[in-house]
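The chain contents come next:
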Amino acid sequence: MSELSKAYEHQDIEKRWYPIWVDKGYFHAADTSDKPAYCIVIPPPNVTGSLHIGHALTVTIEDILTRWRRMQGHNTLWMPGTDHAGIATQMVVERELQKEGVSRFDLGRDAFIAKVWEWKDKYHARITEQLKVMGVSVDWERERFTMDEGLSRAVRKVFVDLYKDGLIYREQRMVNWSPGIHTVLSDLEVEHRDMKGSLWHIAYPVTGSDERLVVATTRPETMLGDTAVAVHPDDPRYQHLLGRTVDLPLTGRQIPIIGDSILVDMAFGTGAVKVTPGHDFNDFETGRRHDLPIISIFDKDARVNDAAPEAYRGLDRYEARKRVVADLDAQGLLVEVKEHALSLGHCQRTGVPVEPIVSDQWYVKIQPLADPAIEAVEQGRTKFTSEEWEKVYFQWMRNIRDWCISRQLWWGHQIPAWYCDTCQHVTVAMDDPTACEQCGSESIRQDPDVLDTWFSSGLWPFSTLGWPDETPALKTFYPTAVMETGFDILFFWVARMMMFGLRFMGDVPFKTVYMHPMVRDEKGQKMSKTRNNVIDPLVMTEEYGADALRFTLAALVTQGHDLKLSKDRLAGYRAFANKIWNATRYVQMNLGDDASAVFAPITAADVASLSLADRWVLTKLDEAVASVTEALERFDFLAATTAVHAFFWGVYCDWYIELTKADLKEGGPAAETTRRVLVHVLDQALRLLHPFMPYISEEIWTNLPLAERDAESLVIAAWPKRDEALRDAHAGALVDQVVDVINAVRTVRGENQISPKTELTVVVAAPDEDTVALVEDARGYLAHLARVTDLTAGVGLARPKKSAVAVAGRCTVYVLLEGVIDLAEEVARLEKAVAKLDKDIKGLSGKLGNEAFVKNAPAEVVAEQQKRLDDASSQRATYLESIESLRG
C-alpha cells in the first residue's frame, strides 16, 4: 500500500483518474451480454454554452445510479450526447454575428448553418470536458448528437411514417408568433405573466343610425383588423341589431353584427365583443364558425403592415396602440379606460410578448399517440417515483392538443416536404426527391421550416441505440431502465418520448421516471445573474472538489422540495472527504512493520477471534450496506448519503478507530485481527462511497493492501452484500450502549467546561445485570475514550450528591463534580438558567392559554409551541435537581 500524502489534494486526484477510467474502457457497455442490462440515456445538454448547476445535479444522480448498478454486475450503459437546441443555439449564434454587424440573412442559409456547426463543435468540446470533471461514467464510444447522420435518418423516418399514417398534417391556424426570433412557438414555449393592463371601452357606430355599440378590449390596436362585432343571440338589448353592420372606426370599413353564444357572455362587460380573427385565438374560432374574413395587420416584427390604414403602417404594435387610442379619443369614440389585470404570453426564449397570428404550419395529430402513453402509465409499465408528478402527467396528457412542430428557423432538421410549383402537390419522402411524385415536374422546392427541437429529442431513447436499424444495442438496452430529468421538461420531453417510443418501438421507452427538483440558493431563491447568486459547478469543483459537489447535491435531493444549495454544505462534505483521507492514513500507519503485508477479508471463520468492537463495526457495516442499497432501490438519495456519511464518519472514523487503539498498542494476535478488520471494513465502506464520491474512493481503494482483489478498479468492483455470518446484533447493542455512556460523559464535560485531560469518577445506573456486566467489561474503553478512572455500575443506583447527570440510552450516567469544578459557580450558572427558563415558560403558557391564539393559529404552530413549553419544563426540572445535588 503506497502511502497517502499528508493532505488530501482533490485537484491532483480528480485530474489523474478520469483519463485512466476512459482509457481502460470501464464505462463501455457490451451490445450483448449475459449480465442484466441497465440503461440510462442522458438528457442531452444544449450546445449553447456551459453546464449549469442543474446539469450537475442531473449527471450526479444518473452517475450514482449507473456506477451502483455497474458494481452490482449489470451490463450498464449510460448513453451520452448533446442536443442541437434549434431556437436556443440559433439565437446565440445570431447574437455573435450581430457583434460583427452581420445578420444570418447577409450570410445566407448554407453559410449560416456552417457557422452554427462551428459553434457546435467548439462548445460540444467544452461541455464534454465539463462532464468529465464531474466524473460521469458515460459510454463515450457511443456518444450521439441530435443532428448526426443516424439520428437525422430516424427523425425523417418518423416524420414520413406519421405523415403517411395521417398523423402529421399542414393547416392554417392561429399560432403564437415570436417577433423577437421570427418563429412560431408551441403552447409550452409561451410563458404567461400576470400584468397590469387597461381595458378600453370603444364606441362602434351602427351603420345608418345614431346608435352605438360599445365594446371593451385590452388590445385597441387590433381593431384595425376587426371583421365583426359579436353579441349573444338571446340578448334582448341587441337582437334588433343582428344582421346589421357597424362602421369600424379609423378604417372606413363596415363589419357585420353577428350572434354567437360561444364567444359572448351576456353578463360580462357590455355584452358586445369585437372579433379579430387574425390576432386572437377565440376570435379565430369564431371567424371559422361564421366564415368571417381574416385580416392580419402585423408583419413578422409585429409592426403594422399594409392591410391596415396608411396612417398606422410601419408602427410597432405598442406605438400603434397609442396612436389608435389617441385617434379614437379625438373622434369621441373612446368611452372610458379602466385598469385591468391580465395574463400576457411571452416568448420563453426572448421575454418578448408573443403575437397571435394566422399561419400555415405542420402539426402532429396527438390524441392517437397520447392515449397509449396514458394507458402505459395506468398499467404500471412505466412508473413515476412521485405520485404528484404522475398526476400532473395524466392531467396534461388527458387535455393535450395537437402539437405544432414547424419552426421558422434555419438550424435544425429541415422538414422533408417538397412543394410542386406545377400541380401544388406536396411530396413527403425519406430521400430528397428530384421531381414531383404526382406530376413529375422538377419544379419543386423544400419547405424552408425546421422541426421543433423536441421532435428529435422525443426519439432519443431508441434513435441513440441505432433505430431505425434493428441493432444489437437496441435489442439489449430498449426499453431503458430510468428516465431521470427535471420536472420542468415533463411535457416538453418525457411525455413525447413516451408517445414516440410506444408508437415506433411498441413498448415504453423507460420503466421508471424520476423527476429531480430545482436547485436554488441557500435562501430558497432561484439562481440568476441579476441576484448574483449563481453557483457555477466548475468553480465549485475547483474549490471543493467534484466529490464534495456530487455528495452535496445527492444529500440535498428530496422529491417534491426544491434543493437549497450553500457553500457551507459544500465545505462540510469537503471536510467529510478529508476525514476519510485522514482515517485511511491512520490505518496505513498502524498496519505493522511489514510494508508488503496484505490482509485477507473477514469471513465467518474469523468470528470467534473478533473483539467486541470488531463485531460491532461489522454489524454496523452490514446495516449500512442494507440501508444504502435499499435507499438507492427507491431513489432516496438523501437516505443513501445519510447512511454512508453516518457509517463512515460516525461509526468508522469517530468510534471504531478509537476503539482499536488499545488493541493495536498491545500488539499480538488481537492487533493482527484488528488490522484485518480495519482494512476489510474500509474496503467495503469505500465501495459504498464510490457511486457518490468516485475519485477519493478510487484513490484510496486502489492503494489498500488487499490479499484478494476482485477488480483492478473500484469502478468495476463488486457492490457490498449483506453477510449474516458477520452480523452480531448483541454486540451491536452492547457497544451502542458503551458509545452512549461515553457520549454522556463527554456531554457533562462540555456543559461544565471540564478539561478533556481531567480524570473523572462516574456512576452508571443500569436497567439490568446484563447491562451492568457490559459497562464493567467496557472499563478499558471508558478509561481510554472518556478518561473515566473510577467507575461504579449497578442496577437502579441512586444519584450521588454533587454530581451531574446525563441519559445514555437505557442507562443514567452520574459524573461526580466535587473537586472537579467550582460547585458554587456552577449552582449560580444553573440558577441563572432556571430564571431564564421561568421567563420562557411564562410566555409560552400565556400564549397557549390564549383561546384566540389556539383557535386561529395553524395546528402545527400550536403543537410546536406546546413542545417548546414541555421541553423548557423538563429542562427546568433537570436543572433544579442538579442544583439540589450540587448543594449536597
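Per chain, residues are indexed from 1 in the order of the written sequence. At least 70 in pLDDT is required for a residue's local features to be given in this predicted model, at least 80 for side-chain atom pairs to be given and counted, and no such filter applies to totals for whole chains, interfaces and linings, which use all residues. Derived side-chain values reflect all non-hydrogen atoms in the structure, with water molecules and hydrogen atoms excluded from consideration.

(A) Spatial organisation of the overall build of the chain. Numbering of helices and strands starts at the N terminus; helices are DSSP runs of H or I of at least 4 residues and strands are runs of E of at least 2. Assigned secondary structure in the chain consists of 27 helices and 29 strands. Note that the radius of gyration is over C-alpha atoms, with the globule rule given as 2.2 Å times the number of residues to the power 0.38. Relative to a compact globule of 888 residues, whose C-alpha radius of gyration would be 29 Å, the chain shows 36 Å and is clearly more extended. Seen through its C-alpha atoms, the chain measures out along the principal axes to roughly 110 × 70 × 55 Å. Between buried and exposed lies partly exposed: a residue is buried under 20% and exposed over 50% of the maximum accessible area for its type, with that area taken using a 1.4 Å probe on protein chains only. Considering the chain as a whole, with its 888 residues, one finds that 54% of them fall into the buried category. Under the convention used here, a 1.4 Å probe and the Shrake-Rupley method define accessible areas, while residue burial counts only the protein chains that appear. Total accessible area on the chain stands at roughly 39,200 Å², and carbon and sulfur atoms take up 48% of it. Here Asp and Glu are counted as negative and Lys and Arg as positive; His is not counted, and neither are the chain ends. The atoms used to mark charge sites are NZ of Lys, CZ of Arg, CG of Asp and CD of Glu. The chain carries 100 positive and 130 negative side-chain charges, and their two centres are separated by 3 Å.

(B) Summary view of the packing of helix α9 (residues 367-378) against helix α14 (residues 490-505). Orientation is described by axes fitted as lines to C-alpha atoms, over the contacting stretch for helices, and by angles from 0 to 180 degrees between their N-to-C directions. Where α9 contacts α14, the two axes come as close as 8 Å, and the packing angle between them is 100 degrees. Taken as axis vectors, α9 and α14 run roughly perpendicular relative to one another. Between α9 and α14, the contacting residues are L369, A370, P372, A373, A376 and V377 on the first element and M498, M499, F500, L502 and R503 on the second. Nonpolar residues are Ala, Val, Leu, Ile, Met, Phe, Trp, Tyr, Cys and Pro. Charged residues are Asp, Glu, Lys and Arg, and all others, Gly as well, are polar. A per-class count over the contact of α9 with α14 returns 10 nonpolar, no polar and 1 charged. Roughly parallel covers angles under 35 degrees, roughly antiparallel covers those over 145, roughly perpendicular covers 65 to 115, and oblique covers all other angles. Throughout, a contact is declared for two residues whenever any of their heavy atoms are within 4.5 Å.

(C) Expanded view of the pairing of strand β28 (residues 803-808). Bridge analysis of β28 against strand β29 (residues 811-816) gives 6 bridges, and the strand direction is antiparallel. Bridging from a neighbouring strand, A808 pairs with C811 of β29. Whether two strands pair depends on DSSP finding at least two bridges between them. In textbook terms, the turn of a hairpin is the stretch between consecutive antiparallel strands, and for β28 and β29 this stretch comprises 2 residues, one of which, G809, has a positive phi near 65 degrees.

(D) Structural detail: the packing of helix α3 (residues 86-99) against helix α5 (residues 109-133). Contact geometry for α3 and α5: axes closest at 10 Å, N-to-C directions at 105 degrees. One way to sum up the angle between α3 and α5 is to call them roughly perpendicular. Two secondary-structure elements touch here, α3 through T89, Q90, V92, V93, E94, E96 and L97 and α5 through F112, V116 and W119. Classifying every residue of the contact of α3 with α5 by side-chain character gives 6 nonpolar, 2 polar and 2 charged.

(E) Just the sheet that holds strand β19 (residues 426-428), in detail. Spatial strand order, β19-β18-β20: 3 strands in an open sheet with antiparallel pairing. Here the strands that pair on one side only, and so sit at the sheet edges, are β19 and β20 (444-446). Sheet twist, expressed as the mean angle between neighbouring strand axes with direction ignored, is 30 degrees. Pairing between strand β18 (residues 417-420) and β20: 3 bridges, direction antiparallel. Across the sheet, residue C420 finds its bridge partner in β20, namely I444. Sitting on the sheet, helix α6 (residues 149-164) is in contact with β18, β19 and β20, with an inclination near 130 degrees to β19.

(F) Representation of the nonpolar core. The biggest cluster of nonpolar side chains holds 147 residues, and the ones touching the most others in it are F648, Y652, L686 and L689. At 14 residues, helix α19 (residues 637-666) tops the list of elements feeding residues into this core. Contacts of Y652, omitting those with residues within four sequence positions, involve V587, F647, I657, L678, V681 and L682. Put simply, buried Ala, Val, Leu, Ile, Met, Phe, Trp, Tyr and Cys residues joined by side-chain atoms within 4.5 Å make one nonpolar core. One finds V155, A373, F477 and F500 within the second-largest nonpolar core, a separate group that totals 64 residues.

(G) How the structure looks around the environment of Y586. Position of Y586 among the secondary structure elements: in helix α17 (residues 567-589). Distance from Y586 to I657, taken between C-alpha atoms, is 8.3 Å for residues 71 residues apart in sequence. The residues touching Y586, leaving out its near neighbours within four places in the chain, are I657, T660, K661 and L664. At a separation of 3.3 Å, a polar atom in the side chain of Y586 contacts the side chain of T660. Here a polar contact is taken to be a pair of N or O atoms separated by no more than 3.5 Å, where protein atoms must pair a possible hydrogen donor with a possible acceptor and residues adjacent in sequence count only if both atoms sit in side chains.

(H) Highlighting the state of the cysteines. Cysteine sulfur atoms that come within 2.5 Å of each other are treated as a disulfide pair. Summed over all chains, the structure comprises 0 disulfides. Here C436 is not disulfide-linked; the sulfur of C423 is the nearest cysteine sulfur, at 3.7 Å.

(I) Looking closely at the pairing of strand β1 (residues 37-41). Within β1, 4 of the 5 residues are buried, leaving the element largely enclosed by the surrounding structure. Direction of pairing for β1 relative to strand β2 (residues 75-79): parallel, over a ladder of 5 bridges. Its bridge partner lying in β2, C39 is registered against L77. A right-handed crossover is one whose linking path, passing over the helix from the first strand to the second, runs clockwise when the strands point away from the viewer. With helix α2 (residues 53-71) bridging β1 and the parallel β2, this β-α-β connection has right-handed handedness.

(J) Quick look at the environment of F637. In this structure, F637 sits in helix α19. With 79 residues separating them in the primary sequence, F637 and T558 have C-alpha atoms 7.5 Å apart. With residues near it in sequence (within four places) discarded, F637 still touches I61, I64, L65, Y514, A554, V557 and L632.

(K) Main features of the pattern of salt bridges. Definition used for salt bridges: Asp or Glu carboxyl oxygen within 4 Å of a side-chain nitrogen of Lys or Arg. In the structure shown here, the tally under the stated rule is 55 salt bridges. Here D121 ties to K120 by a salt bridge, and the two come within 3.7 Å at their closest N and O atoms. Residue class for K120 comes out buried when judged on its relative accessible area of 11%. A salt bridge links E818 to K802, with the nearest nitrogen and oxygen atoms 3.4 Å apart.

(L) Seen up close, helix α7 (residues 281-290). Listed in full, the buried residues belonging to α7 are D283, F284, T286 and G287. End-on, the buried residues of α7 take up no more than an arc of 160 degrees, which puts them together on one face. Buried positions along α7 lie against β5 (168-178), β11 (253-259), β12 (272-275) and β14 (355-364). Just downstream of α7, D291 is the residue with a positive phi angle, here 55 degrees. Summarising the geometry, the arc corresponds to the directions from the helix axis toward the C-beta atoms.

(M) Expanded view of α2. How far a helix is expected to stretch is found by multiplying one less than its residue total by 1.5 Å. When the terminal C-alpha atoms of α2 are compared, their 27 Å separation across 19 residues agrees well with the 27 Å that a helix rising 1.5 Å per residue should span. Summarising burial for α2: 17 of the 19 residues are buried, a large majority. Just downstream of α2 lies G73, where phi reads positive at about 100 degrees.

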